[in-house]
Amino acid sequence: MKIMNAEFIISAVSPAQYPLDALPEVALAGRSNVGKSSLINRLINRKNLARTSSQPGKTQTLNYYRINDLLYFVDLPGYGYAKVSKTRREEWGKFIEGYLTGRDELKLLVHLIDLRHPPTADDIAMYEWSKHIGLTVCVVGTKADKISKGHWPKHAKIIKDKLGFDPRDSFVVFSSETGKGREELWEIIREKAGLPAEQVEEAPKAPKAP
Ligand SMILES: Nc1nc2c(ncn2[C@@H]2O[C@H](COP(=O)(O)OP(=O)(O)OP(=O)(O)O)[C@@H](O)[C@H]2O)c(=O)[nH]1
Ligand SMILES: [Mg+2]
């Protein structure tokens, strides 16, 4: 995907703030610190449009990014961060749940799971619930650069087995550090968001003079 334009639109704290222009939306979910914001930055090849942090729990609102005036990425707050108070967690839970169950524009949930480790109980619950409500999911195994390439298939299989992976969903091995999986993920996003196939990037040749 050639990125012509990517802009931060809003940090939404209530549904009244969601965009009204009905563009398709792709949401990013996963544990705190799994690499959601980094993945957005890598997809659009911008260093820091989506705010990343080594401190988990940084993204606490629904952050909308509009890409090429064609679709939105929606960076969801991470789950599973122990230091956040229970009340706060429950509030987020309801807010995210409301978004994921009720948003017609949502075409794909990109569910990030750290490729290095087996999925946590929260990861499994999130996946099962998203399948239960009928979402189309792409599971992304993140931080692939941190393990050797030869181990990727074994780690991917453990994640799939533990999740009870639905073979109709997609699975992408990804690294925001190296860009591994970027094109593959873009292709899935393009298809699920119903965007037209990539335009030829080269400018057409000028006609020859007669
Ligand atoms: N090596 C490596 N580090 C990564 C990768 N993706 C993210 N990180 C690092 O992991 C940390 C967390 O990344 P974020 O993108 O902020 O994670 P997040 O999921 O948005 O976190 P929250 O907003 O807290 O939910 C940062 O220090 C990133 O640099 C990756 O693919 N490879
Ligand atoms: Mg984030």
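Values in this document were obtained by computation on a predicted structure and should not be read as measured data.

Caption draft 1: Up close: the overall build of the chain. Across its full length, the chain holds 5 helices and 7 strands. Classification of the 210 residues of the chain by burial places 33% in the buried group. Put simply, 73% of the contacts in the chain that link residues at least 6 apart link residues at least 24 apart.

Caption draft 2: Inspection of the sheet that holds strand S3 (residues 62-67) at higher detail. Ordered in space as S1-S3-S4-S2-S5-S6-S7, the 7 strands form an open sheet in which the pairing is mixed. Edge positions in the sheet fall to strand S1 (6-12) and strand S7 (170-173), since each of these pairs with one other strand and no more. Strand-to-strand, the axes of this sheet are offset by a mean angle of 25°, without reference to chain direction. Sitting on the sheet, helix H3 (residues 121-132) is in contact with strand S2 (25-30), strand S5 (106-114) and strand S6 (137-142), with an inclination near 160° to S5.

Caption draft 3: Broad picture of the confidence of the model for the chain. Looking at the chain as a whole, the pLDDT averages 89, with 89% of positions reaching at least 70. Quick note on the complex model: pTM equals 0.91, ipTM equals 0.98.

Caption draft 4: The arrangement of the nonpolar core in detail. Ranked by internal contacts, the top residues of the largest apolar core, which has 40 residues, are Ala-27, Leu-28, Ile-40, Phe-73, Val-74, Val-110 and Val-140. The element contributing the most residues to this core is S5, with 5 residues. Excluding its chain neighbours within four sequence positions, the residues that come into contact with Leu-28 are Lys-36, Leu-39, Ile-40, Phe-73, Val-74, Asp-75, Leu-76, Val-110 and Leu-112.

Caption draft 5: Spatial organisation of unusual backbone geometry. Even without being a glycine, Ala-22 presents a positive backbone phi close to 65°. Summarising the element assignment, Ala-22 is placed in the loop between S1 and S2.

Caption draft 6: Region of interest: the environment of Asp-104. Mapped onto the elements of the fold, Asp-104 is located in the loop between helix H2 (86-102) and S5. Since 8 C-beta atoms lie within 10 Å of it, Asp-104 is described here as exposed. A C-alpha to C-alpha distance of 8.9 Å links Asp-104 and Glu-25, two positions 79 residues apart in sequence.

Caption draft 7: Geometry of the pairing of strand S4 (residues 71-75). Burial analysis of S4 places 5 of its 5 residues in the buried class, which makes it a mostly covered element. Bridge count for S2 against S4 is 4 bridges, and the pairing is parallel. Considered in S4, the bridge of Ala-27 is made with Val-74. In this structure, S3 lies alongside S4, joined through 5 bridges in antiparallel fashion. For Arg-66, the partnering residue across the bridge sits in S4 and is Tyr-72. Hairpin remark: S3 followed by S4, antiparallel, with 3 residues in the connecting loop; positive phi at Asn-68, about 50°.

The rules behind the values
- Residues numbered from 1 in each chain as written.
- Chains lettered and ligands numbered in written order.
- Predicted model: local features only at pLDDT ≥ 70, side-chain atom pairs only at ≥ 80, totals over all residues.
- Helix = DSSP H or I, 4+ residues; strand = E, 2+ residues; numbered from the N terminus.
- Buried ≥ 20, exposed ≤ 12 C-beta atoms within 10 Å, placed from the backbone.
- Contact = placed C-beta atoms within 7 Å.
- Pairing = 2+ DSSP bridges.
- Axes fitted to C-alpha atoms, helices over the stretch in contact; angles between N-to-C directions.
- pLDDT = per-residue confidence, 0-100.
- Core = buried A, V, L, I, M, F, W, Y, C linked by C-beta atoms within 7 Å.

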